[in-house]
Amino acid sequence: MLVAGIDSSTQSVKVVLCRAEDGTVVAEASAPHPDGTECAPAHWWDALGQLRELLERADAVAVAAQQHGMVALDEAGEPVRPALLWNDVRSAPQARALVAGLGGPKTWAERTGSVPVASFTVTKLRWMAEHEPENARRTAAVLLPHDWLTWRLGADGYVTDRGDASGTGYWSPAEGRYLPDLLEAALGHAAETPRVAAPGAAVGETPWGAPIAPGTGDNMGAALGLGLREGDVVVSIGTSGTAFAVADTPAADPTGAVAGFADATGRFLPLVCTLNAARILTSTARMIGADLAELSRLALAAGPGAGGLTFLPYLDGERTPDRPDATGVLAGMTTANTDRENLARAAVEALLCSLADAVDHLAAHGARPRRTLLIGGGARSAAVRALAPDVFGTPVTVPEPAEYVALGAARQAAWALAGTPEPPAWPAPPATDHEPDPGMADAARGVRARYAELRDKRV
Ligand SMILES: Nc1ncnc2c1ncn2[C@@H]1O[C@H](COP(=O)(O)OP(=O)(O)O)[C@@H](O)[C@H]1O
Ligand SMILES: O=C(CO)[C@@H](O)[C@H](O)COP(=O)(O)O
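Quick summary incoming for the structure in this document. On a predicted model such as this, the values are computed, not experimentally measured, just so you know.

## A short note on the overall build of the chain
Helix and strand counts for the chain come out as 16 helices and 24 strands. Over its C-alpha trace the chain gives a radius of gyration of 21 Å, about what one expects of a compact globule, namely 23 Å for 459 residues. When its C-alpha atoms are laid out on the principal axes, the chain stretches across 65 × 50 × 40 Å. Per-residue burial for the chain yields a buried fraction of 59% across its 459 residues. Here the analysis covers contacts within the chain between residues at least 6 apart in sequence; of these, 72% occur between residues at least 24 apart.

## Describing helix H12 (residues 292-301)
In an α-helix, one turn spans 3.6 residues; hence positions three or four apart end up facing the same way. Buried within H12 we find Leu295, Ser296, Leu298 and Ala299. Each buried residue of H12 sits inside an arc of 165° when the element is viewed along its axis, so together they form one side. Away from the buried face of H12 by more than 90 degrees, exposed residues Ala293 and Ala301 are located. Among the structural elements, helix H11 (278-288), helix H13 (340-364) and helix H14 (382-392) are those in contact with the buried residues of H12. A side-chain oxygen of the first residue of H12 lies 3.3 Å from the backbone nitrogen of Ala293; this N-cap is Asp291.

## Quick word on the nonpolar core
Ranked by size, the top nonpolar core spans 101 residues in total, and within it Val3, Leu125 and Met128 carry the most contacts. Here this core takes nine residues from helix H15 (residues 404-418), the largest share from any one element. With residues up to four places along the chain from it excluded, the contact list for Met128 reads Met70, Ala72, Val80, Arg81, Pro133, Asn135, Ala136, Thr139 and Leu187. Of all hydrophobic cores here, the second largest spans 52 residues; its members include Leu309, Ala347, Ala358 and Val447.

## Brief notes about unusual backbone geometry
Of note, the bond from Thr320 into Pro321 is cis; its omega dihedral lies within 30 degrees of zero at 5°. Within the secondary structure layout, Pro321 lies in the loop between strand E20 (310-312) and strand E21 (329-331). Although it is not a glycine, His68 sits at a positive phi angle of roughly 75°. Along the chain, the position of His68 falls in the loop between strand E5 (60-65) and strand E6 (71-73). Given a relative accessible area of 3%, His68 falls into the buried group. Positive phi, close to 50°, is recorded for Ala306, a residue that is not glycine.

## Brief notes about the sheet that holds strand E16 (residues 232-237)
Note on sheets: strands pair through backbone hydrogen bonds, and any given pair is parallel or antiparallel. Reading across the sheet, the seven strands line up as E18-E19-E17-E16-E22-E23-E24 and stay open at both edges, with mixed pairing between neighbours. Among the strands making up the open sheet, the edge pair consists of strand E18 (259-262) and strand E24 (431-434). The mean inter-strand angle of the sheet, taken between neighbouring strand axes irrespective of direction, is 25°. Both E16 and strand E17 (residues 241-244) contribute to a ladder of four bridges, which runs antiparallel. In the strand pairing of E17, Val234 is matched with Phe244.

## Digging into the site of ligand 1
Among the 15 residues in the neighbourhood of ligand 1, the closest are listed as Ser9, Gln11, Lys14, Thr239 and Gly377. Contact between ligand 1 and Lys14: an oxygen atom at 2.6 Å from a side-chain N or O atom of the residue. Side-chain polar atom of Thr239 to an oxygen atom of ligand 1: 2.5 Å apart, as the coordinates give it. Protein contacts shield 77% of the accessible area of ligand 1, which totals 580 Å² for the unbound molecule. A majority-of-atoms criterion places ligand 1 in the largest pocket. Sort the elements by how many residues they give to the shell around ligand 1 and H11 lands first, with three residues. The residue inventory of the shell around ligand 1, partitioned by class, reads four nonpolar, nine polar and two charged.

## So, the layout of surface pockets
Here the largest pocket is characterised by a volume of approximately 860 Å³. Considering the residues around the largest pocket, the lining is formed by 43 residues, among which Lys14, Gly238, Thr239, Gly376 and Gly377 are closest to the centre. In terms of residue count, the dominant contributor to the lining of the largest pocket is H11 (four residues). Of the residues assigned to the lining of the largest pocket, the class counts are 17 nonpolar, 18 polar and eight charged. The calculated volume of the second largest pocket comes to roughly 490 Å³. In this structure, the second largest pocket is lined by 29 residues; those nearest its centre are Gly225, Tyr404, Pro427, Ala428 and Pro429. If you list the elements that add at least two residues to the lining of the second largest pocket, you get strand E3 (25-32), helix H10 (218-226), strand E22 (371-375) and H15. Here the residues of the lining of the second largest pocket are counted per class, giving 17 nonpolar, four polar and eight charged.

## As for the packing of H12 against H14
Between two packed helices, the angle of one axis relative to the other and the distance separating the axes together describe the packing. At a minimum axis separation of 8 Å, H12 and H14 run at an interaxial angle of 35°. Note on element contacts: H14 touches H12 through Ala382, Ala383, Ala386 and Leu387, opposite Ser296, Ala299 and Leu300. Among the residues making up the contact of H12 with H14, the classes are represented as six nonpolar, one polar and no charged.

## Quick notes on the site of ligand 2
Thr10, His68, Asp218, Ser240 and Arg319 are the nearest of the 15 residues found near ligand 2. Within the side chain of Thr10, one N or O atom sits 2.4 Å away from an oxygen atom of ligand 2. Within the side chain of His68, a nitrogen or oxygen atom sits 2.7 Å from an oxygen atom of ligand 2. Protein chains bury 94% of the 370 Å² of accessible surface belonging to ligand 2 in isolation. At a threshold of 2 Å from the grid points, most atoms of ligand 2 map onto the largest pocket. Contributing elements (two or more residues each) for the shell around ligand 2: H10 and strand E19 (268-274). Considering only residue class, the shell around ligand 2 consists of four nonpolar, nine polar and two charged.

Calculation notes
Residues numbered from 1 in each chain as written. Chains lettered and ligands numbered in written order. Predicted model: local features only at pLDDT ≥ 70, side-chain atom pairs only at ≥ 80, totals over all residues. Heavy atoms only, no water. Helix = DSSP H or I, 4+ residues; strand = E, 2+ residues; numbered from the N terminus. Rg over C-alpha atoms; globule rule 2.2 N^0.38 Å. Buried < 20%, exposed > 50% of the residue type's maximum accessible area, 1.4 Å probe, protein only. Contact = heavy atoms within 4.5 Å. Arc of directions from axis to C-beta. Polar contact = N/O pair within 3.5 Å; in protein donor to acceptor, adjacent residues only side chain to side chain. Core = buried A, V, L, I, M, F, W, Y, C linked by side-chain atoms within 4.5 Å. Pairing = 2+ DSSP bridges. Axes fitted to C-alpha atoms, helices over the stretch in contact; angles between N-to-C directions. Near = heavy atom within 4 Å. Areas by Shrake-Rupley, 256 points an atom, 1.4 Å probe, with all protein chains shown as cover. 1 Å grid on protein atoms, 1.4 Å probe; cavity = no way out; pocket = protein on both sides within 12 Å on 5 of 7 lines; lining within 4 Å. Sits in = over half its atoms within 2 Å of the grid points. Nonpolar A, V, L, I, M, F, W, Y, C, P; charged D, E, K, R; others polar. Points joined across faces, edges and corners; volume = space filled by probe spheres on them.

Set out below in structure tokens:
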């Protein structure tokens, strides 16, 4: 039997086709999504349509997708406007107003597991109610990207899962139920929300007769694809940067740094997310006229500390820390250090310092990392892999490059096919271990200290 996992992420859609019994990948393919922070859902469907031949070989399918995106549908099931994505920061004022107006950060953390920032669906609904009242009035149902794709594939009605529901800002991970008062306060009226399917359930059938599993958010998909265990912390470098771990109890961080999400298996997934990650490298590569391989080579040719250059990489605003209006800052420039090697090194160090901050937030709220797993497109950079253990100050495990989000969705599809209480036990991916260099410890501490100084200066 073959199962297909779909990862509909910010920049592209990927499909992996696997053997149901052990997850061996037999084929994979991807197609690009349009750039930007809003997207008509039809573009996701068209991109997936390019991979249809592969998909139709599957005996079961599941969709994992970028979290939080607001897919507002009218009575007829048509989008009232393009979806506003997780990386769209226009609803930052609405996030602040909702938090202040409905009990403050502690109340939100206790009720929803998270203190919503602009990424969260609830704040986007409020933005639409304020700026596009006619679209808000016509909104009859609110879905997330993976819910919409699952419905289009053939699910029985609108359906979601615990993991993605926990990123809306109107669902309680602790109680496992919607909080309709919060949705209504944001949108101005009640609206239909997808039913939350049990992990491992089948929720419908594709036109070619394959059962559909509930799907989930992309980070929950990666956790399932990696088979995360207690003590594992994942750092994912995609369009977003994330640090997350599985937990038995829900998180409720009133500082808002840790989002207290649910996972796709019935447990929880405390997570820290940054808005800027792999694109720190692509933007710097463009700036210095290099491709990603050359950027990596240049970064490794420079010394630690990039000759005194420090880069604060909040290029598109930032979510952690919550600075939606921030831009990037390059500090410490002299005539001696402004060369391509140091600029490349500063970019890699900036990416890793930002993610090290994310891991620190997670640790401060209970995650006890025994090992750090590095995944996502950015982990394909040799410089990132080489410098991560020094900047993090811990051993780093790099699973072989693979589409772990799509693999997690495929594993969920195999779970629905098997009908068992637990997901099928697929073998762990091969991985390489990278140790910190004790000789670099002082230099790495210096890099993080200079980064923290620039971060906290609030230039
Ligand atoms: N060798 C590499 N070095 C650095 N970045 C890379 C490399 N390969 C891919 N990437 C980057 O990884 C990102 C895509 O990663 P992915 O985890 O698929 O993200 P997403 O799920 O957000 O689409 C792109 O921004 C791409 O430029
Ligand atoms: O908002 C979050 C997590 O809370 C992001 O992680 C999105 O889920 C987007 O993921 P990518 O497209 O970067 O994979």
